[in-house]
Amino acid sequence: MNTTPPGTHGDPRLVRVGLPVLQQDPRDCPQAAALHVRPLVQADRRAPWAELEGFALGPFMRVLDRFEHHGVELDRALAEDASFRRCLPAHRHWTADAVRTYLAARERSERLRTDAGHPATLPVRHEWVAIHHAAHPDARGAQRYERCAWGRRYASADGLVRELWLLSVNELKLDRAPAQIAAAASVLAFGVPARKSRHTRWYEPVDVNVPPARVRVIGVGCGDGEVEVLADWDVHEVSERYDKLAKPVLTQVMGRSELVPGSDCVGCKALAECPEPPRTPGLLHVPAPTRPRERRSVSASDLRRHSECPAAFHLTRVLHLNDGRPENAAIRRGRAVDAVLNESHTRRPRNGCRDVPMPEVLPDLPPDEADTAARMLAQHRGVCPLDGLPAHEQVLVQPRLTAYDPELDTVVIADPDLLHTDAGGWVWRETKTVSRPLWEGRSLLATYPQLALAVVMMAAGVPGGDPRRSRIELEVLRGDGVSCEEIDPFEASTLDEARTVLAALTGPWAADQTCAPNPGPHCASCEVRRWCPSRQGEAAR
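Quick summary incoming for the structure in this document. (Residues numbered from 1 in each chain as written. Predicted model: local features only at pLDDT ≥ 70, side-chain atom pairs only at ≥ 80, totals over all residues. Heavy atoms only, no water.)

Backbone geometry follows two general trends: most residues other than glycine have a negative phi, and most peptide bonds adopt the trans configuration. Omega for the bond connecting E276 with P277 falls within 30 degrees of zero, at -5°, which places this linkage in the cis form. Along the chain, P277 falls in the loop between α6 (235-255) and β13 (296-298). That bond from V462 to P463 is cis: its omega, 10°, falls within 30 degrees of zero. The backbone of H285 shows a phi angle near 60°, a positive value even though the residue is not glycine. By the element assignment, H285 lies in the loop between α6 and β13. One non-glycine residue, A423, lies in the positive phi region at around 50°. Since its relative accessible area comes to 48%, A423 is described here as partly exposed. (Helix = DSSP H or I, 4+ residues; strand = E, 2+ residues; numbered from the N terminus. Buried < 20%, exposed > 50% of the residue type's maximum accessible area, 1.4 Å probe, protein only.)

On to empty space enclosed by the protein, then. The full count for this structure, using the stated rule, is four cavities of 30 Å³ or more. Around the largest cavity sit 15 residues that line it, and C309, A312, C523, C526 and C532 are the ones nearest its centre. Its residues placed into classes, the lining of the largest cavity shows 10 nonpolar, three polar and two charged. (1 Å grid on protein atoms, 1.4 Å probe; cavity = no way out; pocket = protein on both sides within 12 Å on 5 of 7 lines; lining within 4 Å. Points joined across faces, edges and corners; volume = space filled by probe spheres on them. Nonpolar A, V, L, I, M, F, W, Y, C, P; charged D, E, K, R; others polar.)

Sheet topology note: the strand β19 (residues 471-478)/strand β20 (residues 481-487) ladder contains seven bridges and is antiparallel. Paired with L474 across the strands is E485, a residue of β20. Joining the antiparallel neighbours β19 and β20 is a turn of two residues. (Pairing = 2+ DSSP bridges.)

In this structure the tally under the stated criterion is 43 salt bridges. Residue E146 is joined to R16 by a salt bridge in which the shortest nitrogen-to-oxygen separation is 2.8 Å. Placement of the pair is E146 in strand β6 (residues 144-147) and R16 in strand β2 (residues 14-17), with a sequence separation of 130 residues. Side by side, E146 and R16 carry an identical accessibility label, which is buried. Residue D97 is joined to R530 by a salt bridge in which the shortest nitrogen-to-oxygen separation is 3.2 Å. (Salt bridge = Lys/Arg side-chain N within 4 Å of Asp/Glu carboxyl O.)

Judged by nonpolar contacts, the single largest core of 76 residues is most densely connected at F60, Y102, W428, L453 and M457. Of all hydrophobic cores here, the second largest spans 35 residues; its members include V17, A142, L166 and V238. (Core = buried A, V, L, I, M, F, W, Y, C linked by side-chain atoms within 4.5 Å.)

For the rest of this paragraph, the subject is the packing of helix α7 (residues 300-308) against helix α8 (residues 310-318). Two numbers describe a pair of packed helices, the interaxial angle and the distance between the axes. Viewed as axis vectors pointing N to C, α7 and α8 meet at an angle of 140°, and their least axial separation amounts to 5 Å. Considering their axes alone, α7 and α8 lie oblique with respect to each other. Only P310, A312, F313, T316 and R317 of α8 make contact with α7, whose side of the interface consists of S301, D302, R305, H306 and E308. The residue makeup of the contact of α7 with α8, split by class, is three nonpolar, three polar and four charged. (Axes fitted to C-alpha atoms, helices over the stretch in contact; angles between N-to-C directions. Parallel < 35°, antiparallel > 145°, perpendicular 65-115°, else oblique. Contact = heavy atoms within 4.5 Å.)

All right, on to the environment of A378 then. Mapped onto the elements, A378 comes out in helix α10 (residues 367-380). Along the primary structure A378 and L188 are separated by 190 residues, whereas in three dimensions their C-alpha atoms are 53 Å apart.

Tracing the backbone shows A105 in helix α4 (residues 89-115). Residue classification places A105 among the buried residues on the basis of a relative accessible area of 1%. Along the backbone, A105 and A336 are 231 residues apart, and their C-alpha atoms lie at a distance of 33 Å. Ignoring anything within four residues of it in the chain, the contact list for A105 reads W165, V220, G225 and V227.

Further remarks concern the sheet that holds strand β16 (residues 410-414). The mixed open sheet is built from three strands, whose spatial order is β13-β16-β15. In this open sheet, the two strands that pair with only one neighbour each are β13 and β15 (401-405). Here the average twist between neighbouring strands, direction ignored, is 25°. Pairing analysis gives five bridges linking β15 to β16, with the strands arranged antiparallel. Looking at the pairing, D405 lines up with T410 of β16.

A separate point is the packing of aromatic side chains. Tallied over the full model, the rule gives four aromatic pairs. Between F60 and Y102 the ring centres are 5.7 Å apart and the planes differ by 80°, which places this aromatic pair in the edge-to-face class. With F60 in helix α2 (residues 58-69) and Y102 in helix α4, the pair connects residues that are 42 residues apart, well separated along the chain. When its relative accessible area of 0% is taken as the criterion, F60 is described as buried. What makes Y102 buried here is its relative accessible area of 0%. Clustering of aromatic rings is evident, with ring pairs tying together F60, Y102, Y154 and W165. Above the face of the Y154 ring, R106 is positioned so that its terminal group lies 3.6 Å from the ring centre. The ring of W509 carries the charged tip of R296 above its face, separated from the ring centre by 4.0 Å. (Phe/Tyr/Trp six-rings, centres within 6.5 Å; stacked < 30°, edge-to-face > 60°. Lys NZ or Arg CZ within 6 Å of the ring centre and 35° of its normal.)

Let's shift gears to the pairing of β16. Burial of β16 is extensive: five of the five residues sit out of reach of the surface. Here three bridges tie β13 to β16, and the two strands are oriented parallel to one another. Following the sheet pairing, V298 is matched in β16 by V412. Counting the residues between successive antiparallel strands, the hairpin from β15 to β16 contains four residues, one of them, D409, with a positive phi of roughly 50°.

Dropping the structure here:
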């Protein structure tokens, strides 16, 4: 990237690489990643300030900084309002729990290590950053590379052991990419204590560097307090693993520039001038807010959650908090059925699922739920959309469809269960598992807002194709039967109804700046209820 993309400006010579770009999610956008690692390249349009804290671990880190680096007593650090600006009360309560859970986990880990004769570790204030500065820009236009690893930092008193604790918001994260772990270990082994310069915004060394002999990368769940040692390597092993696991991934990330519209569009600096995703002004059929808002993404499930309780929407959909409670039986059963159908559809059997043996045992479900799920799968065989589909037609299993509404500055996201072509058109199939037949007195679009979103997206040209051959299908699976409904997204009355359904959900969401709680019967099953001071039910009991 020797020049900045249209819609951006700044200096592309600084490349700063953190751990997230090494995760390699196929839904990530390479172009967005290439821009993200160039912190001095900015969007031409300055983004408005967010009304609410959008990072779950933001106040968590501020409180721990006060406690570990400034010597503030923990209860006092948790009581300081400065760490919780723009936070909902429930976010503050969650932070207090998470900080205490984390510190208890660290205390247990330290006790086990010191009891085994290893040196104690102490908090380290400055980040470790691996810096390479060349005399001239390279073929990518980069002259300075900085590699960072975000987390909580600790070291032995002599500096020979360094630790980095990688934080998961809820449960311990078990699927960290090997490239991420190797890259984190490399930053610990070869980084120097540094902080950002106010003038250049580069990281500059700030302290005497004592090279470590050993580094440890530790994963921890801030919700469950579980701990796992991800790496415990000497410097030689770090070099070997970095060269083998992380360097090839970094080279690939830096060398790609494809456009993959999706969630990355929300934070992308070049979205204003990017040819993807499709522009759909007025897609959500509500006026733009009077005050500029930060760019956001939204899905039908987001809108449904916000209509139920704005606070729960922010806590679960923006901050991704949950208390670890198991999903209810209906959700578990639906996920199990979806997983089986997705696997079958991905293989694309010649006669659809008609001749595919369905599993007799679903190990993640208890016997009664597994029996109902098996009967639902059997019902699907007779209505599988791939049965008889010509081999030349395209089939996409749970693809991500993205549109951009510039009037709301909102990225709209939908994940159909199945999308396939049909003689030049597209067929959008949604599959629902229910315990009883649908109520005939309520419209399908009002019952399932994702169908309303599908209607307006298809009518706006997403995913495209011949409108005369495009349609939406709803497959409803029950243990004792199945039904299929067909929806024409280009029929005027259907489109009007879809816009009305969406506007009723999108209007309050688009205008909301406070995400106030809305207590009600839904509190009983809310996964953030334990931290919400407005929860309904406990006082009455």
